[in-house]
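One-letter residues, chain by chain:
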Amino acid sequence: MIGLISATAAGTAARDRLAAAWPDRTRVYEGPVKEAVRAAFAECEQLVCFLATGAVVRLLAPLLAGKAADPGVVCVDEGGRFAVSLLGGHGGGANELAREVGAVLGAEPVVTTATDAVGLPGLDTLGLPYEGAVAAVSRALLDGEPVALAAEVAWPLPPLPLAPEGAYTIRVTDRDVVPGEREVLLRPPSLVVGVGASKGAPAEEVVGLVEAALREAGLSARSVAELATVDAKAAEPGIVAAAERFGVPLVTYSAGELAAVEVPHPSEAPLAAVGTPSVAEAAALLRGGELLVPKRKSDARPAMATCAVVRRPARGRLAVVGLGPGARDLLTPRAAAELRRASVLVGLDQYVDQIRDLLRPGTRVLQSGLGAEEERARTAVAQAREGHAVALIGSGDAGVYAMASPALAEASDDIDVVGVPGVTAALAAGAILGAPLGHDHVSISLSDLHTPWEVIERRVRAAAEADLVVTFYNPRSRGRDWQLPKALGILAAHREPATPVGVVRNASRPDESGRVTTLAALDPATVDMMTVVTVGNTATRIIAGRMVTPRGYRWQEEPK
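Just so you know, the residues in each chain are numbered from 1, in the order the chain's sequence is written. Only residues with pLDDT of at least 70 are given local features in this predicted model, and only at 80 or more are side-chain atom pairs given and counted; all residues enter the totals for whole chains, interfaces and linings. The basis for every side-chain value is the complete set of non-hydrogen atoms in the structure, without hydrogens or water.

Caption draft 1: View of the packing of aromatic side chains. Any two rings among Phe, Tyr and Trp, with Trp reduced to its six-membered ring, count as a pair given centres within 6.5 Å; such a pair is stacked if its planes are under 30 degrees apart, edge-to-face if over 60, and tilted if neither. Applying the stated criterion across every chain, the model contains 2 aromatic pairs. Ring geometry for Y401 and Y473: centres 4.8 Å apart, planes at 50°, overall tilted. With Y401 in the loop between β19 (389–394) and α15 (404–410) and Y473 in strand β23 (residues 469–473), this pair connects stretches of sequence that are 72 residues apart. Both rings, one in W453 and one in W482, keep their centres 5.1 Å apart while their planes meet at 70°; by these two values the pair is edge-to-face. Here the residue W453 occupies a position in helix α17 (residues 453–465), and W482 occupies one in the loop between β23 and α18 (483–492), the gap between them amounting to 29 residues. Judged by relative accessible area, which is 43%, W482 ranks as partly exposed. Placement of a charge over a ring requires the Lys NZ or Arg CZ to be within 6 Å of the ring centre, with the centre-to-atom vector within 35 degrees of the ring normal. Directly above the aromatic system of W22 lies the positively charged group of R25, at a separation of 4.2 Å from the ring centroid. Every helix listed is a DSSP run of H or I at least four residues long, and every strand listed is a run of E at least two residues long, numbered separately from the N terminus. The classification of residues rests on relative accessible area computed with a 1.4 Å probe and restricted to protein chains. Under 20% of the type maximum is buried, over 50% is exposed, and intermediate values are partly exposed.

Caption draft 2: The arrangement of unusual backbone geometry in detail. Look at the link from R301 to P302: it is a cis peptide, with omega at 0°. For P302, the location among the structural elements is in the loop between β14 (290–297) and β15 (305–311). A positive phi is found at S508, a non-glycine position, where the angle reads about 75°. Looking at the secondary structure, you find S508 in the loop between β24 (500–505) and β25 (513–518).

Caption draft 3: Region of interest: the pairing of strand β13 (residues 250–253). Whether two strands pair depends on DSSP finding at least two bridges between them. One ladder, built from 4 bridges, connects strand β12 (residues 224–230) with β13; its direction is parallel. Following the sheet pairing, A228 is matched in β13 by V251. This β-α-β element, β12 to helix α8 (residues 237–246) to β13, shows right-handed connectivity. Here is how to tell: hold the view so the strands point away, follow the path from the first strand over the helix to the second, and if it runs clockwise the crossover is right-handed.

Caption draft 4: Representation of the environment of G419 in the model. Relative to the helices and strands, G419 resides in strand β20 (residues 416–420). G419 sits in the exposed class, given a relative accessible area of 54%. Along the primary structure G419 and V516 are separated by 97 residues, whereas in three dimensions their C-alpha atoms are 34 Å apart.

Caption draft 5: Inspection of the side chain of T169 at higher detail. Inspection of the secondary structure assignment puts T169 in strand β9 (residues 168–172). If near-sequence neighbours (up to four positions away) are discounted, T169 is found in contact with V137, V147, A148, A150, R182, E183 and V184. The contact criterion used is simple: two residues touch if any of their non-hydrogen atoms lie within 4.5 Å.

Caption draft 6: Quick peek at the pattern of salt bridges. Salt bridge, as used here, is a side-chain nitrogen of Lys or Arg placed within 4 Å of a carboxyl oxygen of Asp or Glu. Within the structure shown, the criterion is met by 29 salt bridges. Notably, a salt bridge pairs D16 with R15, separated by 3.0 Å at the nearest N-O pair. Exposure remark for R15: the relative accessible area of 5% places this residue in the buried category. Each of E152, R171, R175 and E183 takes part in salt bridges that share partners, so that together they form one network.

Caption draft 7: How the structure looks around the sheet that holds strand β17 (residues 344–348). Strand order in the open sheet made by the 5 strands is β18-β17-β19-β16-β20, with parallel pairing throughout. Every interior strand has two partners, whereas the edge strands, β18 (364–368) and β20, have only one. The average undirected angle you get between the axes of adjacent strands in this sheet is 15°. Bridging between strand β16 (residues 317–322) and β19 involves 6 bridges; their strand directions are parallel. Opposite V320, over in β19, you have L392 as the bridge partner. Contacts between helix α12 (residues 333–341) and the sheet are confined to β16, β17, β19 and β20, with β16 contributing the most and set at about 140° to the helix. Think of each axis as a best-fit line through the C-alpha atoms, taken over the contacting stretch in the case of a helix, with angles from 0 to 180 degrees between the N-to-C directions.

Caption draft 8: Region of the structure containing empty space enclosed by the protein. Cavities and pockets are found on a 1 Å grid laid over the protein atoms alone: a cavity is a set of points where a 1.4 Å probe fits but cannot escape, a pocket is an open set with protein on both sides within 12 Å along at least five of seven lines, and a lining residue has an atom within 4 Å of such a point. Grid points are joined across faces, edges and corners, and a volume is the space filled by probe spheres set on the points. This model, assessed by the stated rule, comprises 2 cavities of 30 Å³ or more. The computed volume of the largest cavity comes to approximately 40 Å³. As for the largest cavity, its lining consists of K34, V37, R38, L59 and L63. Of all the elements, helix α2 (residues 33–43) adds the most residues to the lining of the largest cavity, at 3 residues. For this classification, the nonpolar set comprises Ala, Val, Leu, Ile, Met, Phe, Trp, Tyr, Cys and Pro, the charged set comprises Asp, Glu, Lys and Arg, and every other residue, Gly included, is treated as polar. For the lining of the largest cavity, the per-class residue count stands at 3 nonpolar, no polar and 2 charged. As a volume, the second largest cavity reaches approximately 30 Å³. Lining the second largest cavity, in full, are R317, E338, R341, A342, A389 and V390. Elements with a contribution of two residues or more to the lining of the second largest cavity: α12 and β19. Residue classes in the lining of the second largest cavity are distributed as 3 nonpolar, no polar and 3 charged.

Caption draft 9: The nonpolar core, seen in detail. Side-chain atoms within 4.5 Å link the members of a nonpolar core, which is a set of buried Ala, Val, Leu, Ile, Met, Phe, Trp, Tyr and Cys residues. Core analysis: the biggest nonpolar cluster contains 23 residues, and V193, V195, V210, L214, V224, L227 and V309 have the highest contact counts within it. Contributing elements (two or more residues each) for this core: β11 (191–197), α7 (203–216), β12, α8 and β15. Here the element with the most residues in this core is α7; it accounts for 6 residues. Within the second largest apolar cluster, 21 residues are counted, among which are L446, I490, L522 and V533.

Caption draft 10: Highlighting α2. Among all positions of α2, only A36, V37, A40 and F41 are buried. Buried residues of α2 fall within an arc of 130° about the axis and therefore sit on the same side. Of the exposed residues in α2, the ones pointing more than 90 degrees away from its buried face are K34 and A42. Of all possible arcs, the one meant is that of the directions from the helix axis to the C-beta atoms.

Encoded structure:
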């Protein structure tokens, strides 16, 4: 919960705007400011104070307990111009909160945390448990001193300016080791513990067994991602309590799924009890990995619990990111976040140039020219399979005539894939033209590079007969100058010559141009590959110079 505190009328007005925007996330604290701050500090994970930073500093000083315990605090000035991350920038989430508050109130987020200020991800913000000299290693990164990455377990990380060797080290490991003086340990969630238990097995027995198995194998409990068992044991109190004790989810599988897994130590006992010859080993191994701890029983007499530990291979991450039509303010916040998260960027060279300034230091860029779409898709998937966090970029929406299709055709279920939508050229052009897409519409590419013209022609004819608004992508190039006239001729057989047509070139870019003409008046020679052509249906009208397609509502009567 986010506590909101204000003192003046202007602060209260801004406070109420934020409360209205986030009704389920915020709680307003009324009354004397000192008491309100004290109460919110004790009860909330974060605070937004509509007060001067000096006043908030004096109010907070007696309350501070430590970096790990204090809530994140953001200050908004009287004029609502700035949202200042004051306390708990990383641990308390104040840096991100400042950005969110700024977006709602139109304020400039002010973040002074050193790593954020220079575009480096904080080592304590990577979403992984960490140990060791975070401050010292972060300072070395900021000062440009060589910091080496020792990845004992491959795991997708955001970009970091790392060196092959250095006096400082970031070690990614699930082993139970003690960090060195100049070392940070990052604990990836790489371990899966399979658990079997007799009815009524005590939680302490299950927990003790798992702890002993990890300790004797030299593995860190902080890298346990989940406990896994058979469906029949999903509600077994000892197993449920053990998962809660380790702070991980309990995942269950059917007996049939477990029975299909080959294990080194099958047994008749679980087969008779729950229908599978293995629970602990099979549950740990079901999704693949290396068996580090074979099935072992607890030391109790009689033993009521078994466990096995598997290290799963790292799953790389592929984000397919749509950059929008070109304007920076049409690049979505989610897309910008994925660009900052990626350690490897793959894209067309001209698109890379558009967003290069958004990349974090250390991002590896793999770019290529026009016509290399399949190569870029294969490269992005291959990089993700190596365990990297990859962003594959395309203009508009990456799923519309762009990179998502070839990439996902190449990818299998051994990597995580995230789609990040973007504003398409059709939508950008439609906003410039008016509202041409107000009713059913279709987009058709006139490029026959990958699709035979006979197929394209059949689709254009179907759209014409169905009276759909049509947006043509890739309408005309120097080597393809006859397809657009042919497509317009097909539409003209079903629509009046006065049917509105919108022509937009370089939508949302500095040299953007847009005009509305008619089906009869459009000169195809004025169109190129940077142009989107939108042809209205039989109901589309030109009103005040704008294209409007009604959505089935009763059209206004013509003035008499």
